[in-house]
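What the coordinates show
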Amino acid sequence: MDLKDLYRDVILDHNKHPRNVGRLCPCDTSAEGHNPLCGDRLSLTLRIEAERIADIRFEGKGCAISTASASLMCEAVKGHSIDEVDALRTNVHRMLTGAEEPPPAIGKLAALAGVREYPARVKCASLAWHTLQAALQHRAVDSSTATVSTE
Ligand code: ZN
C-alpha cells in the first residue's frame, strides 16, 4: 500500500469523523487557539488526573488539516502522562518543521508529515498542539481560559 495514500485516508477520515469532539464540563484546564492565516479556531477542554490527561475534547471550526490534526492529537494524548505528551509534541513539531522522518513512536500522527511541503498548512496542523501546550502551561496559573494565536 502506498503510504501517501494511507496518510491521506487518515486525514480524510479524521476530518469527516473527528474523534473526541465536545466540551468537558467541568474541566481542569482549557485553551482557545486561533490560526489567523487560515481562520482555524479550536477550543480544548481537559481533565487531568495524577499528571495524566484523563480526558480531552475539542470543538472548532477550521480546515480539514486543522480538524484532522486536533482529532488525531486528542486520540494520541488521551491517557498519557504530561511528560509523555511533551515528548510527543516535540516529535510532532520536528516532523512538521524539519526534514526528519517521523519516529516510529509517533504512530498515526505521521499522517500529518506531508504538510511540511506546504508551509502555509503547517500552522493548521500545529494549532492543536500549540493550544494543548497553552492549556497545560496555563493550568498552574489560574482557572480562566488560555488563548493562543499562531501568528
Ligand atoms: Zn487551516
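Residues numbered from 1 in each chain as written. Predicted model: local features only at pLDDT ≥ 70, side-chain atom pairs only at ≥ 80, totals over all residues. Heavy atoms only, no water.

In terms of regular secondary structure, the protein chain is built from four helices and four strands. Counting from the amino terminus, the protein chain carries its helices and strands in the arrangement α-β-β-β-α-α-α-β. Taking the principal axes of the C-alpha coordinates as reference, the protein chain spans close to 45 × 30 × 25 Å. Every one of the 151 residues in the protein chain was classed for burial, and the buried ones make up 42%. A separation threshold of at least 6 residues defines the contact pool for the protein chain, and within that pool the share at least 24 residues apart is 58%. When the accessible surface of the protein chain is totalled, it reaches about 7,900 Å², and 52% of it is carbon and sulfur. Positive and negative side-chain charges in the protein chain, numbering 18 and 20 respectively, have mean positions lying 4 Å apart. (Helix = DSSP H or I, 4+ residues; strand = E, 2+ residues; numbered from the N terminus. Buried < 20%, exposed > 50% of the residue type's maximum accessible area, 1.4 Å probe, protein only. Contact = heavy atoms within 4.5 Å. Areas by Shrake-Rupley, 256 points an atom, 1.4 Å probe, with all protein chains shown as cover. Lys, Arg positive; Asp, Glu negative; His and termini not counted. Charge placed at Lys NZ, Arg CZ, Asp CG, Glu CD.)

With that settled, consider the coordination of the zinc ion. Ligation of the zinc ion by protein atoms is provided by Cys38 (SG), Asp40 (OD), Asp40 (OD), Cys63 (SG) and Cys124 (SG), these donors lying 2.2 to 2.6 Å from the ion. One chain supplies every donor to the zinc ion, and in sequence these donors are spaced C-x1-D-x22-C-x60-C. Of this pair, Asp40 sits in strand E2 (residues 40–49) while Cys63 sits in the loop between strand E3 (52–61) and helix H2 (64–77), and the two are 23 residues apart along the sequence. Given the relative accessible area of 1%, Asp40 is considered buried. Taking relative accessible area as the criterion, Cys63 reaches 15% and is therefore assigned buried. (Donors = N, O, S within 2.8 Å, 3.2 Å for Na, K, Ca; no water.)

Okay, the sheet that holds strand E4 (residues 146–149) next. Taken together, the four strands give an open sheet; going across it, the order is E3-E2-E1-E4, and neighbouring strands pair in mixed fashion. Lying at the two open borders of the sheet, with one neighbouring strand each, are E3 and E4. Going across the sheet, the axis of each strand differs from the next one's by a mean of 20 degrees, ignoring polarity. Note that strand E1 (residues 29–35) and E2 share seven bridges and pair antiparallel. Bridging from a neighbouring strand, Glu32 pairs with Ser43 of E2. On top of the sheet, H2 reaches E2 and E3; it is set at about 170 degrees to E3, its chief contact. (Pairing = 2+ DSSP bridges. Axes fitted to C-alpha atoms, helices over the stretch in contact; angles between N-to-C directions.)

Moving on: the nonpolar core. Counting residues in each nonpolar core, the largest one holds 42 residues, and the members touching the most others are Leu46, Ile56, Val77, Trp129 and Leu132. Looking at this core, the element that brings in the most residues is helix H4 (residues 119–138), giving 10 residues. Beyond its immediate stretch of four places on either side in the chain, Trp129 contacts Ser69, Met73, Val77, Val85, Leu88, Arg89, Val92 and Leu109. (Core = buried A, V, L, I, M, F, W, Y, C linked by side-chain atoms within 4.5 Å.)

Below, the discussion takes up the pairing of E1. Counting buried residues in E1 gives five out of seven residues, a clear majority hidden from the surface. Count of turn residues in the E1/E2 antiparallel hairpin: four residues, of which Gly39 carries a positive phi of about 90 degrees.

Generally, phi is negative for residues other than glycine and the peptide bonds are trans, each holding for most cases. Cis geometry is found at the peptide bond from Cys25 to Pro26, where omega equals 0 degrees. Within the secondary structure, Pro26 sits in the loop between helix H1 (3–16) and E1. Even without being glycine, Ala50 reaches a positive phi, approximately 50 degrees. According to the relative accessible area criterion, Ala50 is exposed, its value standing at 76%. If you check the backbone angles, Glu51 has positive phi at about 60 degrees while not being a glycine.

Nothing here speaks to function; it is geometry throughout.
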